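# Per-entry structural report
Listed below are the residues making up each chain.
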Amino acid sequence: MKKIFKFLKYLLIALISLIFLLLIGIAIFAYFFDLNKYKEQISQIVEKQIGREFAIDGNAKLGISLIPTLELEKVRLANAKWSKNPNMVELERLDVKVSILPLLRKEIEIYKLILIKPMIYLEINKDGKANWEFEALKSAALGYKVYAQNAQTVVNDVIVQNNSEEFKMPIDGLFAKNILIRDGFVEFSNHKNNQDIKLKINEFNITSESIDSDMNFKFDVAYNDETIKGTATVGSLRSLVQDYNPYPFNLDITAFGANAKVGGSVIDALSKDLHYVLNVDATNPRGNFGAPQVKFVGVVDGNVNSVGINIHSLDVEENIITGNVVANIKGTLPYVFVSLNSDRFDLRKLKTQTASLIEFPSLISSAHAAERLIKDAPLPFDVLKTVNADAKASMGTIIISDDMQIDKLNLTAKLKDGLLNADPITILAGDGTLAANASVNANNSSVKFSAKSQDIKIQKLYTALQSHDNKNFAILDGGSTDLNINITGSGKTVKSLISSLDGQVIAIVNKSKINSGELRFIKGNFFSQIMGMLNIRDNAEVNSTLNCAVVRADISKGSVNFPNGIAFDTNGLKLSSDGSINLNNEKIDFSIKPFSGSVTDVNISQIISSFIRVTGTLSEPGVGLDKTQTAKTAVGLALNAPVYAASAVLLDASSAPCYTALEKTSYSSRFPKPTGVAATGQDAYKGVEDAVKNTIKSVTSGNTEDLKNTAKDVLKMFKK
């Protein structure tokens, strides 16, 4: 027995000595071995296989040890002949270190893989051919076709025998402890659809202690000049390949200026039954993408066919939204269901300065004269054809401005095959209700919108109209407002859509008690000029009665007409306005006609000076005297015909302006017809318009003789 142990001892010493000598021999061989001598042969072998020039222009080195090392410098692979770049791949340096001992465990372990300045150019030409398609490899693949078919049969047999649901892949694959890519660049150009993508790789690193350890990722890249940085930790390579469940996943990423932390797990990662559950905490800082600050906290749960998002909190500038989003992506078109809720949403927080609706004219007047407000920009109708959806939204208080809020909004919408219908849309505001519906048809590029209100009190909807002091205009009581909107249009751009608009908009404020005063809620130079010319404070009584107020707009092919459609009627002041806004060329033309209710020697001159005309464009309106109205009144004065003067003024600044505004509409019987002098003079005054046109020049030039002659012609019309 002692002899046996002694023999084994000497044998072990001999084997160790032999291995040591072998390693010394390998080291000596590696030291004197020059891989540069074989670069040409290596290049020829690669070129023969792929049919493209391959070259190692720099140093080539092979180190033999327990961790063999391959180092190559200035490696390049030629591009397709039709490509714009001479090389498809360029590489400044490649270092590969492979561990030998793991081979005993049937594992190929790459100890370290380093790529310095890899430059990769991927292209698709106008014929749809890609530069990564190698003709030589295609030819070789044909020779292996039968072999591959036979091999697939064998694989299928093995899978069936081992039960496809339980069969696990062997570990005879690659494992890398450290992969580092630095200063790389990838460019993808699709000349067929003019698509360009550029990816700059500042650093990309993967590390793992072993095949059973978690893998750690670190990346710093730029996608089309947008920075993407972050770290990630996932489960081990063995647990991924052998499909251990659950497979953990954690990511911390900053991309396009936003940050997201994602943690969760994946079940059956390598099967068709893949399922994932991810906890997401993401933030988009204020100003990024020109958007407000947004914070999202929720759970994403899905598989290869569908994904669900449970929104625990979507914080938009401290406005909290909750809800659910479910998307089914299995069919030809994705189907999405959205349900959103919010108790309170403050729109003021979405921008640094909130302009109320009544400030809009002042914003228009400050715009540059040469700048068109209506752009010929394309409308994204095609987006509606990319998905089918159902959506519901329930919002509580919506604060629009300091003086305006909505108490509740409910919306139901459906999108199917390019047709979007939002019906119903219900808004509770100002103690009343507004019901609306809208549709957008991407198939014929058309839109339709209608809305009707009931019992909305305008001073409660817009609190700037409530009483604060006797100096300011306010609605003290009443204020019930009716709104009726019906608009249709079609067009593929903003301009063409607006140019096709047809419909009508009517807003009516019913009888109310008002406090006349400064319209403090109307801001801007444009309205200041009008209010100053009207001298509205001196023409109205404090705590008077508003009989009615009307805005009526008839829309036809982009032209918005107000046929005496703006009316304001109180006991002390009546005001009407006739005009139009041409949205095709953005020109405006309005005549504003105030009247105190009667014609006397005292107020004749004031009436003449108060006729106002607004002309110009939406971007630069101008305010001045209406020469036509001034001339009409002047003719009456020249005739010394107070009946004419009264009827003329009462017709244009009607004693029943609300009735006149609503003529030939469904609200035509809402207010009584004109009575008294105005009614008597209506028919006689019909022809004055043409007779007075020639008088304008006389009035402005001071030619009294021409004025008298014209006045006599007008008088004959009244005597008929």
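As shown above, the structure is provided for reference.
The paragraphs below set out a description of the structure included in this document. (Residues numbered from 1 in each chain as written. Predicted model: local features only at pLDDT ≥ 70, side-chain atom pairs only at ≥ 80, totals over all residues. Heavy atoms only, no water.)

## Some words on the side chain of Asn510
Tracing the backbone shows Asn510 in the loop between strand S27 (502-509) and strand S28 (512-515). A polar contact of 2.9 Å, which involves the side chain of Asn510, links it to the side chain of Arg670. Ignoring any residue separated from it by four or fewer positions in sequence, one finds Asn510 in contact with Ser480, Thr481, Asp482, Leu546, Asn547, Arg670 and Phe671. (Helix = DSSP H or I, 4+ residues; strand = E, 2+ residues; numbered from the N terminus. Polar contact = N/O pair within 3.5 Å; in protein donor to acceptor, adjacent residues only side chain to side chain. Contact = heavy atoms within 4.5 Å.)

## As for the packing of aromatic side chains
This model, assessed by the stated rule, comprises 5 aromatic pairs. Here the aromatic rings of Phe562 and Phe590 are separated by 5.1 Å at their centres, their planes lie at 50°, and the arrangement is tilted. With Phe562 in strand S30 (residues 559-570) and Phe590 in strand S32 (residues 587-595), the pair connects residues that are 28 residues apart, well separated along the chain. Just as Phe562 is buried, Phe590 falls in that class too. (Phe/Tyr/Trp six-rings, centres within 6.5 Å; stacked < 30°, edge-to-face > 60°. Buried < 20%, exposed > 50% of the residue type's maximum accessible area, 1.4 Å probe, protein only.)

## A short note on the side chain of Arg52
Structurally, Arg52 is set in the loop between helix H2 (39-50) and strand S1 (54-56). Looking at Arg52, its side chain comes within polar contact range of the main-chain oxygen of Ala78, at 3.3 Å. Excluding residues that lie within four positions of it along the chain, Arg52 makes contacts with Glu47, Leu77, Ala78, Asn79, Ala80, Met88, Asn131, Glu133 and Phe134.

## Observations regarding the state of the cysteines
According to the stated counting rule, one finds 1 disulfide in the structure shown. Covalently, Cys548 is tied to Cys658 through a disulfide, its sulfur atoms 1.8 Å apart. With the S-S bond torsion at 105°, the cross-link from Cys548 to Cys658 turns out right-handed. Of the two residues, Cys548 sits in strand S29 (residues 544-556) while Cys658 sits in helix H13 (residues 657-662), which places them 110 residues apart along the sequence. Taking relative accessible area as the criterion, Cys548 reaches 2% and is therefore assigned buried. Exposure remark for Cys658: the relative accessible area of 1% places this residue in the buried category. (Disulfide = S-S within 2.5 Å.)

## So, the pairing of strand S15 (residues 306-316)
Direction of pairing for strand S14 (residues 294-303) relative to S15: antiparallel, over a ladder of 9 bridges. When the bridges of S15 are listed, Val300 appears paired with Ile309. Taken together, S14 and the strand that follows it, S15, pair antiparallel across an intervening segment of 2 residues. Two elements, S15 and strand S16 (residues 319-328), share 9 bridges in a ladder whose sense is antiparallel. Each bridged residue has a counterpart across the sheet, and for Ile311 the counterpart in S16 is Gly323. As consecutive antiparallel partners, S15 and S16 are separated by 2 residues, and within that stretch Glu317 has a phi angle of approximately 50°, a positive value. (Pairing = 2+ DSSP bridges.)

## Observations concerning the pattern of salt bridges
In this structure the tally under the stated criterion is 15 salt bridges. For the salt bridge of Arg76 with Glu53, the shortest nitrogen-to-oxygen distance reads 3.2 Å. Taken together, the positions of Arg76 in strand S3 (residues 69-78) and Glu53 in the loop between H2 and S1 put the pair 23 residues apart, joining distant regions of the chain. With a relative accessible area of 41%, Glu53 lands in the partly exposed category. Across the pair Asp390 and Lys414 runs a salt bridge whose closest N-O atoms are separated by 3.3 Å. Here the residue Asp390 occupies a position in strand S18 (residues 388-401), and Lys414 occupies one in strand S20 (residues 408-416), the gap between them amounting to 24 residues. (Salt bridge = Lys/Arg side-chain N within 4 Å of Asp/Glu carboxyl O.)

## Side note on unusual backbone geometry
Cis geometry is found at the peptide bond from Asp423 to Pro424, where omega equals 5°. Here Pro424 shows up in strand S21 (residues 419-429). A positive phi is found at Ser445, a non-glycine position, where the angle reads about 55°. One can find Ser445 in the loop between strand S22 (432-441) and strand S23 (446-454). Overall, the relative accessible area of 8% leaves Ser445 in the buried class.

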